[in-house]
Amino acid sequence: MITSLSSLIRILYCLSMALLLNRSATAAFMIKHAGGRTKLGPEKVRMNRIENVGGDFLPEKTIDDGSLLESLRSRQQEIEKGAGRRYITRTQKGFLNVHSTHESGPYAVDNIVGQLEEGQIVTSVGSYEEWIEHDAGGWSISKFGGFTWLEPLNE
């Protein structure tokens, strides 16, 4: 059980480093401090050594608590805006266009980079008004003309 904000930050740091270094995000990691506990604040610097449970050591990194906190706040805002939500594709003609940008509107054909099929599940990485940027490589309209093209999954 996570007992403090600093514990949560350490766990999230380990997972982000695992992803950054192309390590398995599901692998268990332990953080070893060099210097004990510190308060959160931009003036505090902490040295961490991350050890994979299998015994491999990742390089030591210096992190600034203020930078880490700002990064976590930024990610929290992305999540609040819908990043990471999963959607199921609903269609009327069997497909939904994927556009390189949302700026030209749903009728644009010069920026189509792919299609989603009926029932295909995508994960959002961003949004703008009724547009969802997703992991299938572009933007798709979520609601248009009284129809819900990308229906949020309640998981």
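Residue positions are given per chain, counted from 1 along the sequence in the order it is written. Whole-chain, interface and lining totals are the exception, using all residues; otherwise, since this is a predicted model, local features are given only for residues with pLDDT of at least 70 and side-chain atom pairs are given and counted only at 80 or more. With hydrogens and water stripped out, all remaining heavy atoms of the structure feed into the side-chain values.

**Student:** What's the story with unusual backbone geometry in this structure? I'm lost.
**Tutor:** Trans is the prevailing form of peptide bonds, just as negative phi is the prevailing case for residues other than glycine. Located in the positive-phi region is Glu129, a residue other than glycine, with phi close to 50°. Helical segments are the DSSP runs of H or I of at least four residues, strand segments are the runs of E of at least two, and each set is numbered from the N terminus. Inspection of the secondary structure puts Glu129 in the loop between strand 7 (121-128) and strand 8 (131-134).

**Student:** Any chance you could explain the packing of aromatic side chains here in plain terms?
**Tutor:** Two aromatic rings, taken as a pair, are described by how far apart their centres are and by the angle between their planes. In this analysis, rings of Phe, Tyr and Trp, with Trp reduced to its six-membered ring, are considered paired at centre separations within 6.5 Å, and the interplanar angle assigns stacked below 30 degrees, edge-to-face beyond 60, and tilted for intermediate values. Summed over the entire model, instances satisfying the criterion amount to two aromatic pairs. Relative to Phe144, the ring of Tyr107 lies with its centre 5.5 Å away and its plane at 80°, an arrangement referred to as edge-to-face. One end of the pair, Tyr107, is in the loop between strand 5 (95-99) and strand 6 (112-117); the other, Phe144, is in strand 10 (residues 143-144), and 37 residues separate them in sequence. When the centroid spacing of 4.8 Å and the interplanar angle of 75° are considered together, the rings of Phe147 and Trp149 count as edge-to-face.

**Student:** Where do I start with the side chain of Thr91 in this structure?
**Tutor:** Tracing the backbone through its elements, the reader meets Thr91 in the loop between strand 4 (86-89) and strand 5. Pairs of N or O atoms within 3.5 Å make up the polar contacts considered here, provided that, within protein, one atom can donate a hydrogen while the other can accept it, and that residues adjacent in sequence are counted only when both atoms are side-chain atoms. A polar contact of 3.1 Å, which involves the side chain of Thr91, links it to the backbone nitrogen of Gly94. Two residues form a contact once any of their heavy atoms are found within 4.5 Å. Among all residues touching Thr91, those that are not within four sequence positions of it are Leu96, Leu116, Glu118, Phe147 and Trp149.

**Student:** How should I be thinking about the nonpolar core in this particular structure?
**Tutor:** Side chains of a nonpolar character, in soluble globular proteins, are inclined to be buried together. Core analysis: the biggest nonpolar cluster contains eleven residues, these being Tyr87, Leu96, Val98, Leu116, Val122, Trp131, Ile132, Trp139, Ile141, Trp149 and Leu150. Elements supplying a minimum of two residues to this core: strand 5, strand 8 and strand 9 (138-141). For our purposes a nonpolar core is just a set of buried Ala, Val, Leu, Ile, Met, Phe, Trp, Tyr and Cys residues, chained together by side-chain atoms within 4.5 Å. Remark: exposure states derive from per-residue accessible area (1.4 Å probe, protein chains only) relative to the maximum for the residue type, with buried under 20%, exposed over 50%, and partly exposed in between.

**Student:** Mind showing me how you'd approach the layout of surface pockets here?
**Tutor:** The gaps of empty space that remain are located by a probe, the size of a water molecule, rolled over the atoms. Each pocket or cavity is described by its volume, and for the second largest pocket that value is around 320 Å³. Grid points spaced at 1 Å and placed over the protein atoms alone form the basis of the search, with a cavity being a set where a 1.4 Å probe fits but cannot get out and a pocket an open set showing protein on both sides within 12 Å along at least five of seven lines. Lining residues have an atom within 4 Å of a point. The wall of the second largest pocket is formed by Gln92, Lys93, Phe95, Leu96, Asn97, His99, Pro106, Tyr107, Ile141, Phe144 and Trp149. Per element, the largest residue contribution to the lining of the second largest pocket is four residues, and it comes from strand 5. Grid points are joined across faces, edges and corners, and a volume is the space filled by probe spheres set on the points.

**Student:** Help me understand the environment of Ile121 in this model?
**Tutor:** With respect to the element layout, Ile121 can be found in strand 7. Sequence spacing of Ile121 and Tyr87 is 34 residues, and the spatial spacing of their C-alpha atoms is 5.5 Å. Setting aside its immediate chain neighbours within four residues, Ile121 contacts Arg86, Tyr87, Ile88 and Leu153.

Functional significance is not addressed by these values, which are geometric in nature.
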